[in-house]
Amino acid sequence: MYEFIPKRAFFEKDALEYPMGKNIYLKLQELGVDTQIIGTHNRVTGIPGKTAQEAYLEAKRTLVVGVRRTLDFETCKPSAHYQLPLVTSCPGECEYCYLNTTLGKKPYIRVYVNIDEILKRAKDYMEKRAPEITLFEGSATSDPLPVEIYTGSLRKTIEFFGNQEKGLFRFVTKFVNVDPLLEAKHNKRTTVRFSINSGTIIKQFEHKTPSLEDRIGAALKLAKKDYKIGFMIGPIIYYPAWEYEYDKMLSKLAESLKGYKDTLEFELITHRFTVKAKKNILQVFPKTKLPLEEKERVFKFGQFGYGKYLYPAEKMQELKSFFEEKIREYFPAYNILYFV
C-alpha cells in the first residue's frame, strides 16, 4: 500500500506550538526525516533542484508544516460552496495536474496545524448561510489523504461535520490509505470521492499513484462503513481506445461495488489545459504524450480570468453522450453532478 514518507520537512516555528505540529515533528524524527525550522511556510527556500524537473520532483518529496493565517475561504464551483483548506498539493506526480497552473515550480506538500481554528471558521460560514446547507470541499488544491497518517485532519473534520446540521463535507482522492477513516463517526455527512481513469491513462500519466483496482478497493472499504461514495472521472481524455477502455473501467467499477451502487455520485471532467500549465508540463515532463495541441482545441475564458483549451463541441458531445449512456447502463440509480 502507498505510504508517503517525505525526504525532508520544514516546520514553521509557530506550528510547533500546536498539538498537531508537535505530533508530526515527533513522527518524522522517528522516521529519520531531515527536519528544519523556518520562519514562515509561505517562503520555503531549502528545496533543491537546478532544473524545473528536479525542482518539481524534490518538491513532491517535501512536507511543509505551517499555521493557516488566512481564514477566509475561497468559493469552490462547481463542487461545493467553499474550499476547506486542510492541505495544499499532494505527492502524486500526474502530468496533467491543473495545479501546474497555480502552485509554481515547487509544488511542495503543505499541511495546516490550526485545524480547530479552520473548523471554527467553517462553523461561522454555516451560521451565516443558515438555514441553507453549506457544502465544503476538502481537496480543491490538494489530495489530503496521503498525509492523513501524520495530521489526522480528515478524521477530525469528518467527525466535526458528523455533528453539524447545516454543513456537509466532501473530498476527492487518488490514494487508498483509508484505514484511519473507517471508524470515524461520519453520520453520512461526508462524501468521499475517488478520482479514477482508465488503466492506460493512470499508467501513462498518473505517476506515484495507486492502481484503479486499489482505488476501487478503498472505495468499497468506505462503502461498507456506510460512507457516501462518489467518483470523479477525469480528466477524460479522447484517445484511440477511449470508448473501449472507459467502458471497461465502468464495468469493473459496477462489478466491484455490486450492492453499493444506489448511492453513487459521478463528476465528469474532460481534459483541458492553459498556456501556463502547458509550459510547466513540458518543462517537467518533456516527453509527455498528453494531447496539448492548441489547434485541436477551442479556447474559452474560465471563471478565474484566464483561458483554457477545451475539446471542440462535437467531441464534448460525443464524450458526454457516451458517459451518460454507460453510467445509466451500469448504475441505474446514478447521479451525475456535472459534466465539464
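In short, a report on the structure. (Residues numbered from 1 in each chain as written. Predicted model: local features only at pLDDT ≥ 70, side-chain atom pairs only at ≥ 80, totals over all residues. Heavy atoms only, no water.)

### Comments concerning the overall build of the protein chain
Link 1 in the chain: A count of helices and strands for the protein chain gives 10 helices and 17 strands.
Link 2 in the chain: Against the compact-globule benchmark of 20 Å for 340 residues, the protein chain has a radius of gyration of 20 Å, which places it among compact chains.
Link 3 in the chain: Looking at the protein chain as a whole, 53% of its 340 residues are labelled buried.
Link 4 in the chain: Working note: accessible area of the protein chain is about 15,900 Å², and carbon and sulfur atoms make up 51% of it.
Link 5 in the chain: Across the protein chain, the mean location of the 54 positive side-chain charges is 3 Å away from that of the 43 negative side-chain charges. (Helix = DSSP H or I, 4+ residues; strand = E, 2+ residues; numbered from the N terminus. Rg over C-alpha atoms; globule rule 2.2 N^0.38 Å. Buried < 20%, exposed > 50% of the residue type's maximum accessible area, 1.4 Å probe, protein only. Areas by Shrake-Rupley, 256 points an atom, 1.4 Å probe, with all protein chains shown as cover. Lys, Arg positive; Asp, Glu negative; His and termini not counted. Charge placed at Lys NZ, Arg CZ, Asp CG, Glu CD.)

### Considerations on the sheet that holds strand β6 (residues 87–88)
Link 1 in the chain: The mixed open sheet is built from five strands, whose spatial order is β2-β1-β3-β8-β6. Every other strand in the sheet has two partners, leaving β2 (34–38) and β6 as the edge strands with one partner each.
Link 2 in the chain: In this fold helix α1 (residues 19–30) packs onto β1 (8–12), β2, β3 (62–66) and β8 (109–112), with an angle of close to 155° to the strand it touches most, β1. (Pairing = 2+ DSSP bridges. Contact = heavy atoms within 4.5 Å. Axes fitted to C-alpha atoms, helices over the stretch in contact; angles between N-to-C directions.)

### What about the sheet that holds strand β14 (residues 265–270)?
Link 1 in the chain: Spatially, eight strands are ordered β4-β5-β9-β10-β11-β13-β14-β17 in an open sheet, and the strand pairing comes out mixed. Each having just a single partner strand, β4 (75–76) and β17 (335–339) make up the two edges of the open sheet.
Link 2 in the chain: Judged from the two bridges that link them, β4 and strand β5 (residues 80–83) form a sheet pairing that is antiparallel. When the sheet's bridge partners are listed, threonine 75 is paired in β5 with tyrosine 82.

### Topic: the nonpolar core
Link 1 in the chain: Within the largest apolar cluster, 92 residues are counted, with the highest numbers of intra-cluster contacts made by Leu84, Phe136, Phe231, Ile233 and Tyr246.
Link 2 in the chain: The element contributing the most residues to this core is helix α7 (residues 212–224), with seven residues.
Link 3 in the chain: Sequence-distant contacts of phenylalanine 136, that is, excluding residues within four places in its chain, are made with Phe73, Ala80, Tyr82, Leu84, Ala122, Tyr125, Met126, Phe161, Leu168, Phe169 and Arg170.
Link 4 in the chain: Listed in part, the seven residues of the second largest apolar core include Phe10, Ile38, Ile47 and Tyr108. (Core = buried A, V, L, I, M, F, W, Y, C linked by side-chain atoms within 4.5 Å.)

### Thoughts on the packing of aromatic side chains
Link 1 in the chain: Counted under the stated rule, the structure contains 22 aromatic pairs.
Link 2 in the chain: Centroid distance phenylalanine 11 to tyrosine 25: 5.1 Å. Interplanar angle 80°. Geometry classified as edge-to-face. Within this pair, whereas phenylalanine 11 is found in strand β1, its partner tyrosine 25 is found in helix α1, the two being separated by 14 residues in sequence.
Link 3 in the chain: Judged by its relative accessible area of 0%, phenylalanine 11 is buried.
Link 4 in the chain: Taking the relative accessible area as the measure of exposure, tyrosine 25 reaches 26% and is therefore partly exposed.
Link 5 in the chain: Ring pairing ties together the aromatic residues Phe73, Tyr82, Tyr125, Phe136, Phe160, Phe161, Phe169 and Phe171, which thus form one cluster. (Phe/Tyr/Trp six-rings, centres within 6.5 Å; stacked < 30°, edge-to-face > 60°.)

### Brief notes about the pattern of salt bridges
Link 1 in the chain: The final tally for this structure, using the stated rule, is 27 salt bridges.
Link 2 in the chain: The closest approach of N and O atoms between glutamate 58 and arginine 8, which form a salt bridge, is 2.6 Å. You can see glutamate 58 sitting in helix α2 (residues 52–59) and its partner arginine 8 sitting in strand β1, a full 50 residues away along the chain.
Link 3 in the chain: For glutamate 58, a relative accessible area of 17% gives the class buried.
Link 4 in the chain: On the accessibility criterion, arginine 8 (8% relative accessible area) is buried.
Link 5 in the chain: Residue lysine 258 pairs with glutamate 255 through a salt bridge whose shortest N-O separation is 3.0 Å. (Salt bridge = Lys/Arg side-chain N within 4 Å of Asp/Glu carboxyl O.)

### Considerations on the environment of phenylalanine 10
Link 1 in the chain: Secondary-structure assignment places phenylalanine 10 in strand β1.
Link 2 in the chain: When the C-alpha positions of phenylalanine 10 and tyrosine 246 are compared, they lie 41 Å apart, and in sequence the two are 236 residues distant.
Link 3 in the chain: Sequence-distant contacts of phenylalanine 10, defined by excluding residues within four places in its chain, comprise Gln36, Ile38, Val44, Gly46, Ile47, Thr62, Leu63, Val64 and Val65.

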